[in-house]
Amino acid sequence: MERGRWGRVSRGMIPLLALHTVSEYSRLDRKPPVTASLLAANTIIYLRPKFINPLIPTIDQVWFNPHLILKYKDLKRFFLSPFFHINESHLVYNMLSLLWKGIQLETSMGSAEFASMVATLVAMSQGVTLLLAKSLLLFFDYERPFYNEYAVGFSGVLFAMKVIVNAQSDDYTSVHGLMVPTRYAAWAELFLIQMFVPGVSFLGHLGGILAGLLYLRLKASFSGSNPVRQLMRGFSRALSWPLRLMKNLLRIQPRITGRGTAGGRSARDTLPMWRCDACTFDNSGRLNVCEMCSTGRTDDGPSFPVPTSEIHDLPLEELRRRRIQRFGR
């Protein structure tokens, strides 16, 4: 790789990548725009043409280094390091992998969902890698090479995408000549690359695999296709929970008094009373036998509506006392 006045000059691998990308896209009815944008962004950042060179940081400013990120809270290293590559072969290998995985995922889930997934995987893979490096330092006092290592490249996100692509497959696939179940292909590739390719970031690739598994778990746990949206809704509900609790506690319930609906008497509270032919005692409409003399009820006796609530409020002895006072019996 050579470096010109305003950026890098390709030695032939990037034109082959572009030719392969054009060939793949020409066969598609629907051209995935997000995948194409990611390919273009990574390539442009690597080539650093004149018009963009002053606008983007150098690779020395964005190396993913857990120590520097945590010590200086350097979010630039956290979010930008996946889009930088060390050399041309590093870039082309990652972009070919992105082309294959991106076309499959974007055409199946849609461009908006795919863009959201990529953004989520960038943050998750970087975060998991940072957490792993810090945990090794705290619990095992293992500082080198993980906590102070420098790494760049899109491979962590690609490992996460590989987990998502292969999650539901029961077939077998070849990983560098080794046949393994497709759903475990990312794990096999992790160890094979670590064994045969020197200088790769084991922790970065492992963080990508764990980020893919976490994404699938979140997607399965929440309804909807976008875990980020569900997380944001859950976070919003968590923040509003104290307000909802106070509102429920302070809510004043209307006090209901009296009988019937809204404290008044309904039509069911008024029943016709009937007067006994034998003793002229006014009986409740609910009775078929006179309460005073046990004479059976007839339909010839006069009846008139009396609120049953008044009858129910008086005991039987009081009703008899009033009848004796009225008729002398």
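Residues numbered from 1 in each chain as written. Predicted model: local features only at pLDDT ≥ 70, side-chain atom pairs only at ≥ 80, totals over all residues. Heavy atoms only, no water.

Before going further, it helps to spend a moment on the overall build of the protein chain. When you go through the protein chain residue by residue, the secondary structure sums to twelve helices and seven strands. With 329 residues in all, the protein chain has 39% of them scored as buried. Within the protein chain, contacts between residues at least 6 apart in sequence are counted, and of these 64% link residues at least 24 apart. (Helix = DSSP H or I, 4+ residues; strand = E, 2+ residues; numbered from the N terminus. Buried < 20%, exposed > 50% of the residue type's maximum accessible area, 1.4 Å probe, protein only. Contact = heavy atoms within 4.5 Å.)

Moving on, we come to the side chain of threonine 43. Mapped onto the secondary structure, threonine 43 falls in helix α2 (residues 33–47). A relative accessible area of 13% means that threonine 43 is categorised as buried. With near-sequence residues (within four places) excluded, threonine 43 lies in contact with Ile14, Leu17 and Leu91.

Structurally, aspartate 60 is set in the loop between α2 and α3 (66–72). Taking the C-alpha atoms as reference points, aspartate 60 and serine 81, separated by 21 residues in sequence, lie 9.8 Å from one another. Among the polar contacts made by the side chain of aspartate 60, one reaches the side chain of tryptophan 63 at a distance of 3.3 Å. (Polar contact = N/O pair within 3.5 Å; in protein donor to acceptor, adjacent residues only side chain to side chain.)

A few words now on the pattern of salt bridges. Charged atoms that come close allow side chains of opposite charge to pair. Overall, the coordinates contain five salt bridges when judged by the stated rule. A salt bridge links lysine 76 to aspartate 74; the nearest nitrogen and oxygen atoms lie 3.4 Å apart. A relative accessible area of 14% places aspartate 74 in the buried class. Within the structure, one salt-bridge network assembled from shared partners comprises Asp74, Lys76 and Arg77. (Salt bridge = Lys/Arg side-chain N within 4 Å of Asp/Glu carboxyl O.)

Quick look at the UniProt feature "transmembrane region" (unreviewed entry) in the protein chain now. The positions that UniProt labels "transmembrane region" (unreviewed entry) are, in the present scheme, residues 116–140, 147–165 and 185–216. Annotated as residues 147–165, this span is 58% helix and 0% strand, and its ends, taken at the C-alpha atoms, are 30 Å apart. Taken end to end, residues 185–216 is 84% helix and 0% strand, and its first and last C-alpha atoms sit 16 Å apart. (UniProt positions renumbered as here; feature names shortened; annotations may be inferred.)

A positive phi angle, near 50°, is found at arginine 48, a position not held by glycine. Here arginine 48 lies in the loop between α2 and α3. One non-glycine residue, lysine 73, lies in positive phi territory at about 55°. Within the secondary structure, lysine 73 sits in the loop between α3 and α4 (75–80). Its relative accessible area of 66% is what places lysine 73 among the exposed residues.

On to the packing of aromatic side chains. Counted by the stated rule, this structure contains four aromatic pairs. Centroid distance tryptophan 63 to tyrosine 150: 6.2 Å. Interplanar angle 85°. Geometry classified as edge-to-face. On the criterion of sequence distance, the pair formed by tryptophan 63 in the loop between α2 and α3 and tyrosine 150 in the loop between α6 (111–140) and α7 (155–166) is long-range, its members being 87 residues apart. Under the relative-accessibility criterion, tryptophan 63 is labelled buried at 17%. Residue tyrosine 150 is classed as partly exposed on the basis of its relative accessible area, which comes to 49%. Geometrically, the ring pair formed by phenylalanine 78 and phenylalanine 79 is edge-to-face, given 4.8 Å between the ring centres and 80° between the ring planes. (Phe/Tyr/Trp six-rings, centres within 6.5 Å; stacked < 30°, edge-to-face > 60°.)

Examined against the element boundaries, serine 125 turns out to sit in helix α6. Here the side chain of serine 125 touches valine 122 through a polar contact of 3.2 Å, landing on its backbone oxygen. Aside from chain neighbours lying at most four places away, what touches serine 125 is Gly156, Val157, Gly207, Gly208 and Ala211.

It is worth spelling out the pairing of strand β3 (residues 172–175) at this point. Bridge analysis of β3 against strand β4 (residues 178–181) gives four bridges, and the strand direction is antiparallel. Looking at the pairing, tyrosine 172 lines up with proline 181 of β4. Remark: two residues form the turn of the hairpin made by β3 and β4, two consecutive strands paired antiparallel; histidine 176 in that turn has positive phi of roughly 55°. (Pairing = 2+ DSSP bridges.)

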